[in-house]
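Listed here are the chains, written in short residue letters.
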Amino acid sequence: MDFELSEEQRAVKAAVRQFITKEVAPLEPTVLLNEREGRPGIDRETLRDLQAKARKYGYWGINTPEEYGGMEAGPVMAAIIAGEAGRTFVPFRFGGSADNILYAGNEEQKQEYLVPTIEGDRRSCFAITEPGAGSDARNIRTRAVRDGDDWVINGEKIFITNGNEADFVMVFAVTNPELGANGGVTCFLADRDMGWESTPIPTMGEWGPASLSFQDVRVPHRNILGEEGRGFELAMQWIGQGRFMIPAGALGAAERMIEMAIEHANNRESMGHPIAEYQAIQWHIADSAVELEAARWLTLRAAWQVERGEDARHSSSIAKLYGTTMANRVVDRVLQIHGGMGYTKELPIERWYRELRLLRIFEGTDEIQRRTIARNLLRGHAKVGASLS
Ligand SMILES: Cc1cc2nc3c(=O)[nH]c(=O)nc-3n(C[C@H](O)[C@H](O)[C@H](O)COP(=O)(O)OP(=O)(O)OC[C@H]3O[C@@H](n4cnc5c(N)ncnc54)[C@H](O)[C@@H]3O)c2cc1C
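Remember, predicted model here, so these are calculated numbers, not experimental data. (Residues numbered from 1 in each chain as written. Predicted model: local features only at pLDDT ≥ 70, side-chain atom pairs only at ≥ 80, totals over all residues. Heavy atoms only, no water.)

Glancing now at the overall build of the protein chain. If you tally the helices and strands in the protein chain, you get 12 helices and 10 strands. The C-alpha radius of gyration of the protein chain comes to 22 Å, within 12% of the 21 Å expected for a compact globule of 389 residues. Principal-axis analysis of the C-alpha atoms places the extent of the protein chain at approximately 80 × 50 × 40 Å. Classification of the 389 residues of the protein chain by burial places 50% in the buried group. (Helix = DSSP H or I, 4+ residues; strand = E, 2+ residues; numbered from the N terminus. Rg over C-alpha atoms; globule rule 2.2 N^0.38 Å. Buried < 20%, exposed > 50% of the residue type's maximum accessible area, 1.4 Å probe, protein only.)

If you want it as structure tokens, here you go:
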């Protein structure tokens, strides 16, 4: 058993820490100001400049195969990098990536959709959720009907990340109602100018999704992504493959907030003593640090299993459930330690309080992760303690 990071992993972690601290975190006051004044945290141009700078450091396409110009860093390294990037709430992400399922496209589709997305010239969104089908994604109703060389799509999608900015969507529609999710759902690449429309949905965080409306949208047959009828498997591949990346980002946020809490507790005096001397505050800090460490190992282990090509669905569900609820508990305690200041928009805690809440909802809610974990155990697909056998 070896809990040490390799020399390369330590070097990358330190370099990303430096980049985030030097280039990205200084934008935090601007992000808070922009948000207060109703603008996006950072505009697209600033984001692209930052991504170009990161590219010069060599950080581009973290998960993208080398043949497409990426780092192909591997899941463990990607989790380490996400943890460092998560130390700031600036909505920054490294450039050079595209949704994993776009690699399922044929050569023509790769040139038209995958490559420009990696380069940042096109923006995608992924649309499976509907007003009547969220956790129950097998129950989608958006319908695609064949008409000559085209498919005609009708339906509504909801909560689609980037839905208002994207110029194409990977949309999932029922092509064979009898089969439904068991071979009757197909994924289509639909350009915005094929006629779908979007409406932004205001939310408590900056992660503003959109609803998408499809009314007789004609999509050519050649725009099917993957195989006709095999869309549901593609959707599950999109959702499942990087699940450990969600808690990975939350680790950085929790780490930074605990550091803030320690500093504040040592400096803030109440009733003649630094609040750090009161057990009530110490327990908040201790519990947060313990849970952060637990979440770190769960997340890295899930990433490690993916890296080894093992079935990591069970460990990824455990990591997502624990890591995201941990981050929500930590932000609540850290806000409490800061008292009234924690509640203001002067500090990042209030923003994190809102942003981190989402992690318990998308890509499988807490309840769905628990359901998966329990079903795996009850049906014998996973064993208690199997990580050591
Ligand atoms: C900001 C944001 C961005 C998103 N981005 C995307 C995107 O890009 N693409 C996309 O397709 N979707 C996206 N989603 C949708 C997201 O995946 C769904 O919101 C999520 O899966 C939950 O579905 P729902 O909202 O319909 O809730 P519901 O499924 O209606 O669930 C309501 C409650 O019931 C619980 N519940 C449901 N079924 C069960 C069950 N069987 N057992 C126990 N409890 C259950 C849930 O856990 C939840 O607490 C996004 C959502 C948000 C909020």
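With that settled, consider the site of the ligand. Taken together, 18 residues surround the ligand, and among them Thr-129, Ser-135, Phe-159, Thr-365 and Glu-367 come closest. In this structure, an oxygen atom belonging to the ligand sits 2.9 Å away from a main-chain N or O atom of Ile-128. Glu-367 places a polar side-chain atom, nitrogen or oxygen, 2.7 Å from an oxygen atom of the ligand. Computed on the free molecule, the ligand has an accessible area of 970 Å², of which 65% lies beneath the protein chains in the complex. (Near = heavy atom within 4 Å. Polar contact = N/O pair within 3.5 Å; in protein donor to acceptor, adjacent residues only side chain to side chain. Areas by Shrake-Rupley, 256 points an atom, 1.4 Å probe, with all protein chains shown as cover.)

Bringing a negative patch on the surface into the picture now. A cluster of acidic residues, Glu-66, Glu-67, Glu-72 and Glu-107, forms a negative patch on the protein surface. Examined against the element boundaries, Glu-66 turns out to sit in the loop between helix H3 (44-57) and helix H4 (75-85). According to the relative accessible area criterion, Glu-66 is exposed, its value standing at 56%. (Patch = residues over 30% accessible without salt bridge, like charges linked within 9 Å, V, L, I, M, F, W, Y side chains within 5 Å. Salt bridge = Lys/Arg side-chain N within 4 Å of Asp/Glu carboxyl O. Lys, Arg positive; Asp, Glu negative; His and termini not counted. Charge placed at Lys NZ, Arg CZ, Asp CG, Glu CD.)

To continue, consider the packing of aromatic side chains. Per the counting criterion, the structure on display carries 13 aromatic pairs. Each ring, one from Phe-3 and one from Trp-297, has its centre 5.2 Å from the other, and the planes form 80 degrees; the classification is edge-to-face. Here the residue Phe-3 occupies a position in the segment before helix H1 (7-24), and Trp-297 occupies one in helix H8 (residues 279-307), the gap between them amounting to 294 residues. Phe-3 sits in the exposed class, given a relative accessible area of 54%. These aromatic residues form a ring-pair network of at least three members: Phe-19, Tyr-57, Tyr-59, Phe-92 and Phe-94. Sitting above the plane of the Trp-60 ring, Arg-55 keeps its charged end 3.7 Å from the centroid. (Phe/Tyr/Trp six-rings, centres within 6.5 Å; stacked < 30°, edge-to-face > 60°. Lys NZ or Arg CZ within 6 Å of the ring centre and 35° of its normal.)

Pairing between strand E2 (residues 143-147) and strand E3 (residues 150-160): 5 bridges, direction antiparallel. Bridge pairing in E3 links Val-145 to Val-152. Two successive antiparallel strands, E2 and E3, enclose a turn made up of 2 residues, where Gly-148 displays a positive phi of approximately 65 degrees. Where E3 meets strand E7 (residues 210-220), 8 bridges bridge the pair, whose relative direction is antiparallel. (Pairing = 2+ DSSP bridges.)

Not every positive phi belongs to a glycine, and Glu-72 is a case in point at roughly 50 degrees. With respect to the secondary-structure elements, Glu-72 resides in the loop between H3 and H4. You will see that Asn-162, though not glycine, has its phi angle at about 65 degrees, which is positive. Judged by relative accessible area, Asn-162 falls into the partly exposed class, the value being 28%.

At a minimum axis separation of 9 Å, helix H9 (residues 313-337) and helix H12 (residues 366-378) run at an interaxial angle of 145 degrees. In this structure, H9 crosses over H12, and the sense of that crossing is left-handed. Contacts between H9 and H12 involve His-314, Ser-317, Ile-318, Lys-320, Leu-321, Thr-324 and Thr-325 from the first element and Asp-366, Gln-369, Arg-370, Thr-372, Ile-373, Asn-376 and Leu-377 from the second. (Axes fitted to C-alpha atoms, helices over the stretch in contact; angles between N-to-C directions. Left-handed = near helix turned anticlockwise from the far one by under 90°. Contact = heavy atoms within 4.5 Å.)

Attention now moves to the nonpolar core. In a soluble, globular protein the nonpolar side chains are often hidden away together inside. Ranked by internal contacts, the top residues of the largest apolar core, which has 51 residues, are Tyr-59, Ile-81, Phe-92, Phe-94, Met-257, Met-326 and Leu-356. Looking at this core, the elements that each hand over two or more residues are H1, helix H2 (28-36), H3, H4, helix H7 (245-267), H8, H9 and helix H11 (348-355). Take this core: its biggest share by element is 10 residues, from H7. Among residues more than four places away in sequence, those in contact with Ile-81 are Val-12, Val-16, Tyr-59, Ile-62, Met-71 and Phe-94. (Core = buried A, V, L, I, M, F, W, Y, C linked by side-chain atoms within 4.5 Å.)

None of this, on its own, says anything about what the molecule does.
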